[in-house]
Amino acid sequence: MSTELHSIQCDSPFGPLTITANKDAIVALDWTDCEQVEETSLLREASFQLAAYFAKDLQKFDLPMAPTGDTFQQSVCQAMLDIPYGETTTYGAIADKLHTFGQPVGNACGANSIPIIIPCHRVLGAKGLGGYSGEGGVERKIELLKHEGGFPYLL
């Protein structure tokens, strides 16, 4: 897998997003300014899919991804990818599925390097929203849940 990274900046309802990829996969999405744009076909496709998601024309991303983290973090990322658009689950439910505890799942969600595309915003605490690793914290999580219609009593 290539270690050379390329980035592109795209617009979103939450301000500019920077998508970063190596030759093979998306590795990060964040709310920083893109210092140097190096567009690739993969980054163009990721930008297109994000625009479609924000236009409510896309519910599931189809992109190669390589989020950071160890084997456990990768398993939590896969569990987050399994949560359908507009639905939520809890840290505890993911923990049960992975035969672990809620706190390590929460830590892995908080370390998600590809928020929105890997939908950590769809994971809630047993008695509340829980946190959010992306810029804007819990308020951003609420905005993303409202965007998907996945948390109706917030609407």
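Structural notes, computed from the coordinates. (Residues numbered from 1 in each chain as written. Predicted model: local features only at pLDDT ≥ 70, side-chain atom pairs only at ≥ 80, totals over all residues. Heavy atoms only, no water.)

## Concerning the pairing of strand β3 (residues 26-30)
To keep things clear, this is the line we draw: Burial here depends on accessible area, computed with a 1.4 Å probe over protein chains only, as a share of the maximum for the residue type. Under 20% is buried, over 50% is exposed, and the range in between is partly exposed. Strands are runs of DSSP state E lasting at least two residues, helices are runs of H or I lasting at least four, and both sets are numbered from the N terminus onward. Strands are treated as partners if at least two bridges between them are detected by DSSP.
Burial runs high along β3: four of the five residues are buried. For strand β2 (residues 17-21) and β3, the ladder comprises four bridges, and the chain directions are antiparallel. Among the inter-strand pairings, I19 is bridged to a residue of β3, identified as L29. Counted along the chain from β2 to the antiparallel partner β3, the turn is four residues long.

## A few points about the nonpolar core
Our working definition: Nine residue types can take part in a nonpolar core, namely buried Ala, Val, Leu, Ile, Met, Phe, Trp, Tyr and Cys, and a core is a set of them joined through side-chain atoms within 4.5 Å. What makes two residues a contact is simply this: any of their non-hydrogen atoms within 4.5 Å.
Formed by 39 residues in total, the largest nonpolar core has its most connected members in I19, I26, L29, L50, M80 and I116. Counting only elements with at least two residues in this core, the list comes to β1 (6-10), β2, β3, α1 (41-54), α2 (71-81), α3 (91-98) and α4 (102-110). Sort the elements by how many residues they give to this core and α1 lands first, with seven residues. Not counting the four nearest positions on each side in its chain, I19 is found in contact with H6, S7, I8, C10, I26, A28, L29, L43, A46, S47 and L50.

## What about the packing of aromatic side chains?
The line we're drawing: Under the pairing criterion, centres of Phe, Tyr and Trp rings, with the six-membered ring standing for Trp, must be within 6.5 Å; the plane angle then separates stacked pairs below 30 degrees from edge-to-face pairs above 60, leaving the rest tilted.
Evaluated as defined, the whole model comprises four aromatic pairs. With a centroid separation of 5.4 Å and 40° between ring planes, the pair formed by Y53 and F61 is classed as tilted. As far as the burial class goes, Y53 and F61 line up, both buried. Ring pairing ties together the aromatic residues F14, Y53, F54, F61 and Y85, which thus form one cluster.

## A look at the packing of α2 against α3
Spelled out, the test is: A fitted line through C-alpha atoms serves as each axis, taken over the contacting stretch for helices, and the angle formed by two N-to-C directions is quoted from 0 to 180°. Note on angle classes: values under 35 degrees are labelled roughly parallel, values over 145 roughly antiparallel, values of 65 to 115 roughly perpendicular, and the remainder oblique. Here a crossing is taken to be left-handed if its near helix is turned anticlockwise relative to the far helix by less than a right angle, and right-handed if that turn runs clockwise. Following the grouping adopted for this structure description, the nonpolar residues are Ala, Val, Leu, Ile, Met, Phe, Trp, Tyr, Cys and Pro, the charged ones are Asp, Glu, Lys and Arg, and the polar ones are all others, Gly among them.
Closest axis-to-axis distance for the α2/α3 pair is 11 Å, and the angle between their directions is 120°. Between α2 and α3, the interaxial angle falls into the category oblique. The element α2 and its partner α3 pack so that their crossing is right-handed. Each of F72, S75, V76, A79 and M80 in α2 lies in contact with α3, whose residues at this interface are I94, K97 and L98. Of the residues in the contact of α2 with α3, the class split is six nonpolar, one polar and one charged.

## Some words on the sheet that holds β1
With antiparallel pairing, three strands are arranged side by side in an open sheet as β1-β2-β3. Each edge of the sheet is formed by a strand with only one pairing partner; in this case those strands are β1 and β3. Each strand axis lies, on average, 20° off the axis of its neighbour in the sheet, ignoring direction.

## Let's talk about the layout of surface pockets
Operational definition: In this analysis the probe radius is 1.4 Å and the grid spacing 1 Å, with only protein atoms considered; a cavity is a set of points the probe fits into but cannot get out of, a pocket is an open set with protein on both sides within 12 Å along at least five of seven lines, and lining residues have an atom within 4 Å of a point. Grid points are joined across faces, edges and corners, and a volume is the space filled by probe spheres set on the points.
One number sums up the size of the largest pocket: a volume of about 230 Å³. Lining the largest pocket are 14 residues, and of these Q59, K60, F61, L81 and R122 lie nearest its centre.

## Points about the pattern of salt bridges
Filter applied, for reference: Salt bridges are counted wherever a side-chain nitrogen of Lys or Arg sits within 4 Å of a carboxyl oxygen of Asp or Glu.
Evaluation of the coordinates by the stated rule reveals four salt bridges. Close ionic contact of R140 with E143 constitutes a salt bridge, the shortest N to O distance being 2.8 Å. Taken as a pair, R140 and E143 lie in helix α5 (residues 137-148) at a separation of three residues, close to a single helical turn.

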